[in-house]
Amino acid sequence: MALARTIHADLLRVFVLTLVSLFAIPAATLAFTEYALRSQDAAFLQSIEKRIAGDAQLSSKDKAEATDFYRSHPLSRACDATAPEDRNFHDKVCSPYSMQWQFHWADRAAAWTIVLGAALLAAALVLGALAFANRGLRYASFVAGWRLMTVSSALEVVLQSAMLVWLSFWLTAYFWQSYYVKLIALAGIMAGAAVFYAIYTLFKKLPWGNEIEGELIAQADAPRLWERIRQLAGRVKTAPPDQIVAGIDTNFFVTEAPCEVRGRTLQGRTLFVSLPLLRVLDQAEADAVLAHELAHLGGGDTRSSAALGPKLLQFDQYTWKMRSGGLTIVAHYLLRLYRMIFAFALARDSREREYKADRVAAGLTAPQAIVQSLIKISAYASYRNDVEHKLFAQNREHDGALGIARFVADGLPPYASSEAFIEAMKTADVPHPYDSHPPLLERMRNVGHHVPESAYGAIVATAPQASWADDIETAPAIEQRLWSDYEQRFVQNHELSLTYRYEPATEEERAIVLRHFPPVGFALKNGDRIDITYAGMHPSADGGSTIAWDEVKGLTYKDGSFGDTLIVTHHDKGMLGARTTKVKLAGLGKQKENFKAATGHYWQRHQIMRAQQKQQEQQP
């Protein structure tokens, strides 16, 4: 229930942000132009009536006709006056690029942009509903939505960027009879960058990769396993996989999408098997898992995933790129809303497919086999995650091989008899890279075989008499290579995380921090320099006083004609507000961007370190 509330709250938040991103700028533009046009109507009519009334050369009848004409032809409608008798009025008031012409077309652009935004929002909801209603239309609806949303959102960026630049001039010019070149230039630069980024990203071919970490199992290396898989595929009434990939991830899956294994691109049907999981499953339990995965092949699930998967990934990449392009944020939330709606449809369909595959596996093997395999896989995945989390949380550097595989294998039976195990299994699901799996208890009900929680521990602690891993001749060598690579990356990532935890307080900690955050120096004018370290900034000019990161609340970089300046805002107050320090950077030149990056990076490290210290102090 808590997860459901979080999902619904996130959906509501994204929906509200979508409304803001689609309508805030055009609504503001429309409100401003409508106000200005109505105000000009009133002022113009008042002025023209005064002139007509004071014109002694006009008769009473002429004055009445002229007054009626201008009352029926307000200034705000001059650009729409296209009748022959109105041509003179139109040409005088609505000449191209005049103030009236600009406000007229800005008003129309804002109104049509709001209409476009409403249409896009409706389209996202309708296409999302189609994905819910009909699985057969899901791919077509997503492709249509993908093309419509990406192109239209790019158009939204162009329109809203133009409006923002226009507003940056006319808001101040209209209300205060003045304009600010810097404000207009800033809006123009932001708008130009956003338009370029949106269009460039729209037509750029985004990368798509599906790399599987594992190694191929040749038929000669596991003939009995290959034969068993072919037998199960025949009973499922589907073609067997073209290749089997073995790895150490805690899942099994099948895919028909092209994938890469050790630099080699694989086509066709691929079955991934987890060697650590095969070692905890007996052959009957493993058969149930393999039958479940083959049922996905037989049901067309993998064909659907192969077709839709690359589209989803490319759409996701485009969506998140729109978040990092400044004003392109106006497109991000619409794309994200559509993706969330589509994800709900996929998740519902995923549950249905999992239930069906479980029933097929139970029918081919036994309900008991599929349930016991689910319990063992869930337990292994949960315990391995717990072991790795504890290893990663350690505040000391890991030295040498970690031995995660042996640690998990030896510790799993004792873990299965602990209270933590039962609590973890209550909400357990089986990890999978493509589907959102139902909870374990629901899957038990689906196949009609219930195992009480009190029996979980004994199932997990029972070692298999024979496993399919024993029939794979290359399994030990594959596991050794994969675990070695995995633990090396684990140690490297752990060491990097330590650099964000250590202050440092000891020489050992300091050595680790310095490996990733060594001092960086920048030469300045007249032989001066400024050094950036994990502790702070050290300018040599003005006495060379060190500014520790603990003293820094904010950093502002100022360009100057006679040399740039870094303004450091401190936490404490000065005589006239926040206390600041100006660090002169004359002569920085081409080093500017590297200096900004280094300063921000080192300051961020210090902030994260202090935040983690504070969090640890608050823990009981």
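Everything that follows concerns the structure shown earlier in this document.
Residues numbered from 1 in each chain as written. Predicted model: local features only at pLDDT ≥ 70, side-chain atom pairs only at ≥ 80, totals over all residues. Heavy atoms only, no water.

Turning our eyes to something else, we now look at unusual backbone geometry. Going from E503 to P504, the amide bond is cis rather than trans, its omega being -5°. As for its position among the elements, P504 is in the loop between helix 17 (475-499) and helix 18 (507-516). The residue R262 is not glycine, and still its phi comes out positive at about 55°. With respect to the helices and strands, the residue R262 is situated in the loop between strand 4 (259-261) and strand 5 (264-266). (Helix = DSSP H or I, 4+ residues; strand = E, 2+ residues; numbered from the N terminus.)

Put simply, helix 11 (residues 329-364) and helix 12 (residues 367-393) touch, their axes get as near as 6 Å, and they point 125° apart. Taken as axis vectors, helix 11 and helix 12 run oblique relative to one another. Note on element contacts: helix 12 touches helix 11 through P367, I370 and L374, opposite D358, A361 and A362. Residues that form the contact of helix 11 with helix 12 fall into these classes: five nonpolar, no polar and one charged. (Axes fitted to C-alpha atoms, helices over the stretch in contact; angles between N-to-C directions. Parallel < 35°, antiparallel > 145°, perpendicular 65-115°, else oblique. Contact = heavy atoms within 4.5 Å. Nonpolar A, V, L, I, M, F, W, Y, C, P; charged D, E, K, R; others polar.)

Moving on to the packing of aromatic side chains. For the structure on display, the rule yields 15 aromatic pairs. In textbook terms, an aromatic cluster arises when at least three aromatic residues are bridged by ring pairs, as seen for F32, Y35, F103, W166, F175 and W176. Over the ring of Y486 we find R384; its NZ or CZ atom is 5.2 Å from the centre of that ring. The ring of Y557 carries the charged tip of K596 above its face, separated from the ring centre by 4.6 Å. (Phe/Tyr/Trp six-rings, centres within 6.5 Å; stacked < 30°, edge-to-face > 60°. Lys NZ or Arg CZ within 6 Å of the ring centre and 35° of its normal.)

Our next topic: the sheet that holds strand 3 (residues 253-255). What holds strands together in a sheet is hydrogen bonding between their backbones, with the strands either parallel or antiparallel. Pairing is mixed in the open sheet, where four strands are placed in the order 1-2-6-3. If you trace the sheet from one side to the other, it starts and ends with strand 1 (215-216) and strand 3, each paired once. Pairing analysis gives two bridges linking strand 1 to strand 2 (residues 243-247), with the strands arranged antiparallel. Note that in strand 2 the partner of L216 across the bridge is V245. (Pairing = 2+ DSSP bridges.)

Okay, the side chain of D287 next. With respect to the helices and strands, D287 occurs in helix 9 (residues 283-298). Residue D287 is classed as buried on the basis of its relative accessible area of 7%. Among the polar contacts listed, one links the side chain of D287 to the side chain of W468, at a separation of 3.0 Å. For D287, the contacting residues outside a window of four places in its chain are R228, L232, T365 and W468. (Buried < 20%, exposed > 50% of the residue type's maximum accessible area, 1.4 Å probe, protein only. Polar contact = N/O pair within 3.5 Å; in protein donor to acceptor, adjacent residues only side chain to side chain.)

Inspection of the secondary structure puts W166 in helix 5 (residues 138-176). Residue classification places W166 among the buried residues on the basis of a relative accessible area of 15%. Once the C-alpha coordinates of W166 and Q102 are considered, the two residues, 64 residues apart in sequence, prove to be 9.1 Å apart. If near-sequence neighbours (up to four positions away) are discounted, W166 is found in contact with T29, F32, T33, Q102, F103 and A106.

Spatial strand order, 7-8-9-10: four strands in an open sheet with antiparallel pairing. If you trace the sheet from one side to the other, it starts and ends with strand 7 (520-523) and strand 10 (547-548), each paired once. Strand direction decides the pairing type here: strand 7 and strand 8 (residues 529-532), joined by four bridges, are antiparallel. Among the inter-strand pairings, F522 is bridged to a residue of strand 8, identified as I530. Where helix 19 (residues 592-618) meets the sheet, it contacts strand 7, strand 8 and strand 9 (536-539), and its direction lies at approximately 35° from that of strand 8.

Buried residues dominate strand 6 (residues 270-274), accounting for five of its five residues. The alternating pattern of strand 6 places T270, F272 and S274 and L271 and V273 on opposite faces, both of which are buried. Pairing of strand 2 with strand 6, which is carried by five bridges, proceeds in the parallel orientation. Residue V245 lies in a different strand from strand 6, and its bridge partner there is F272.

Nonpolar side chains collect at one region of the surface, where Y35, L171, F175 and W176 lie side by side and expose about 450 Å² of accessible area between them. Considering each element in turn, the nonpolar patch owes the most residues, three residues, to helix 5. With respect to the secondary-structure elements, Y35 resides in helix 1 (residues 2-53). Given a relative accessible area of 46%, Y35 falls into the partly exposed group. (Patch = residues over 30% accessible without salt bridge, like charges linked within 9 Å, V, L, I, M, F, W, Y side chains within 5 Å. Areas by Shrake-Rupley, 256 points an atom, 1.4 Å probe, with all protein chains shown as cover. Salt bridge = Lys/Arg side-chain N within 4 Å of Asp/Glu carboxyl O.)

Packing of helix 11 against helix 15 (residues 440-447) brings their axes to within 9 Å, and their N-to-C directions diverge by 50°. By the criterion of interaxial angle, the relationship of helix 11 to helix 15 is oblique. Between helix 11 and helix 15 lies a crossing of right-handed hand. Here helix 11 contributes R351, E354, Y355, D358, R359 and A362 to the contact with helix 15, which in turn contributes E442, R443, N446 and V447. Split into classes, the residues belonging to the contact of helix 11 with helix 15 amount to three nonpolar, one polar and six charged. (Left-handed = near helix turned anticlockwise from the far one by under 90°.)

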